[in-house]
Amino acid sequence: MLDEVTQEKVEKIAREVINLARNKLLVNMRFLDMALNRLKVSSNPDATNCSSVDGKVYIYDPKHILTAYRVEENLPTRNFLHSVFHCVFRHMFVSPSINRGYWDLACDIAVESVINDLDLPYLSTLMSQKQQQFLDGFKEEIKTPSAEKVYRFLIDKRLSEDKLRTLALLFKGDDHLLWYLTDEEKAALGIEGYDFADGGADGEDGENANMSGFGGIRLFLSQDWANISERMAIDIATFGKLQGTGAGLLSQNLKEVNRERYNYEEFLKKFAVRGEIMKINPDEFDYNFYTYGLQLYENMPLIEPLEYKDVKRIRDFVIAIDTSGSVAGELVQKFVQKTYNILKSTESFFTKINLHIIQCDAAIQEDVKITTQQEFDDYLKKMKLHGFGGTDFRPVFSYVTSMIECGEFDNLKGMIYFTDGYGTFPARKPDYDAAFVFVDDDAADVKVPPWAIKLVLRTDEI
């Protein structure tokens, strides 16, 4: 145990090391100014024997900071940046039900990949060199190692406990203790900024602190760091190569985390058309005349409820499936299943529909016409993919145009084309809306024609 005087000296020196690290990062990477100044830094060896961050505070054990500095001068700077990037990518704002072991490792791999990609001398350590050996092989599996993609990869691989522990030590820059604690639990640990004794947290976030559990201050912080991330992305794009530093992977991860999320169910509604169905419509029924009639003529109402309702549903529709060799068959089947699960609800389909599911690589491979939900059920049970050649989008558009000319569709509202994006697009806009649906950001940079709708979904959104 250190005596009180020695402890004060240790804490003072540790704080100076952290301030030095933060200033060094600020001078060399000005786009980090908001992120570096957002965190409240404080010593708390009772809560952690390492360092930890939650988007509001950065706490540390002074002995750990000095030990790291003695081992390698660059280590505290790298570890501080490691924690800041966790906040920038909003890694701590996840569901408490997530697999913590895999998620923690995925976040550390994603952050360390970005730091290594910056290739800055004051961030280089012996551990980073060992990391790079793993990452060189890992990038063959995942081109842009964001936390979400690495997490799915780790879940699929089901690594052994020994392998997980080895990788966790290799990529660790802090601990993630604060990620999974409620606001009250943080207050109980004496963490500055989570003092609930006076009915709220300290400082600017106090108005949100009366919300307990995982929804309190965290809700405010998530939006705050989202704004910081968006600002960083703009600064990086503005200043180009950032004083000679490489920022390719950082930009890609920022693009991923700031990407707008879409509700696929709402997206499908764009292709609905208006029509009448046999259904009581209470919204357009006047109860005044109804009750007045009952009073005047006893059991004879003056007006009856409308027996039809005007709704927007999908009747004529085309689902085109890219079955080239570069598109995974399992994903295709999941996409069709998800689309069907949405469309089969009574609020999406008319009783009688005209849906064509077209498989195509460089040529039309199959066209299946669906007119009822039962036919859709039967199709999914025996669905088989055909093709696996090259990719050309033009045959589908030409084929659909010919069907319109032959009177196959009464009012075709649109087509959804599920693809990886690597193909030849039509030169002209068709007479209906067309949407190209991609999975993940591996194809997010593919440029679609100006007339086309582009939608990027995550694998876990399908």
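For the structure given in this document, a descriptive report is provided here. (Residues numbered from 1 in each chain as written. Predicted model: local features only at pLDDT ≥ 70, side-chain atom pairs only at ≥ 80, totals over all residues. Heavy atoms only, no water.)

Digging into the overall build of the protein
Definition in use: Helix and strand labels come from DSSP, where a helix needs a run of H or I of at least four residues and a strand needs a run of E of at least two; each type is numbered from the N terminus. Each residue gets one of three labels from its accessible area relative to the maximum for its type: buried under 20%, exposed over 50%, partly exposed in between, using a 1.4 Å probe on protein chains only. Contacts between residues were defined by any pair of non-hydrogen atoms, one from each residue, lying within 4.5 Å. Note on areas: Shrake-Rupley with a 1.4 Å probe; residue coverage comes only from the protein chains shown.
Helix and strand content of the protein: 16 helices and ten strands. Counting the 462 residues in the protein, one finds 50% classified as buried. Considering only contacts within the protein whose residues lie at least 6 apart along the sequence, 69% involve residues at least 24 apart. Surface summary for the protein: the accessible area is close to 23000 Å², and the carbon and sulfur share equals 50%.

Let's talk about helix 3 (residues 62–71)
So the rule is basically this: The directions considered for the arc run from the helix axis to the C-beta atoms. Two N or O atoms count as a polar contact when they lie within 3.5 Å, although within protein this holds only if one can serve as hydrogen donor and the other as acceptor, and sequence-adjacent residues are included solely when both atoms are side-chain atoms.
Those residues of helix 3 lying buried are Pro-62, Ile-65, Leu-66 and Ala-68. Down the axis of helix 3, the buried set is contained in an arc of 160°. They therefore lie on one face. For helix 3, the exposed residues lying more than 90 degrees away from the buried face are Arg-70 and Val-71. Where helix 3 begins, one side-chain oxygen reaches toward the backbone nitrogen of Lys-63, 3.1 Å away; that side chain belongs to Asp-61.

Here we look at helix 15 (residues 373–381)
Of the positions making up helix 15, those classed as buried are Phe-376, Tyr-379 and Leu-380. Axial view of helix 15: buried residues confined to an arc of 95°, hence all on one face.

Looking at the pattern of salt bridges
Using the following cut-off: One side-chain nitrogen of Lys or Arg within 4 Å of one carboxyl oxygen of Asp or Glu is enough to make a salt bridge.
Following the criterion strictly, the structure yields seven salt bridges and no others. Close ionic contact of Arg-165 with Asp-162 constitutes a salt bridge, the shortest N to O distance being 2.3 Å. One end of the pair, Arg-165, and the other, Asp-162, are both in helix 8 (residues 161–171), three residues apart, so they sit about a helical turn from each other. One salt bridge connects Asp-235 with Arg-231, and the closest N-O pair in it is separated by 3.0 Å. Taken together, the residues Asp-235 and Arg-231, both in helix 10 (residues 217–239) and four residues apart, mark about one turn of the helix. When its relative accessible area of 38% is taken as the criterion, Arg-231 is described as partly exposed.

Honestly, that's just the spatial picture; any functional story needs more than this.
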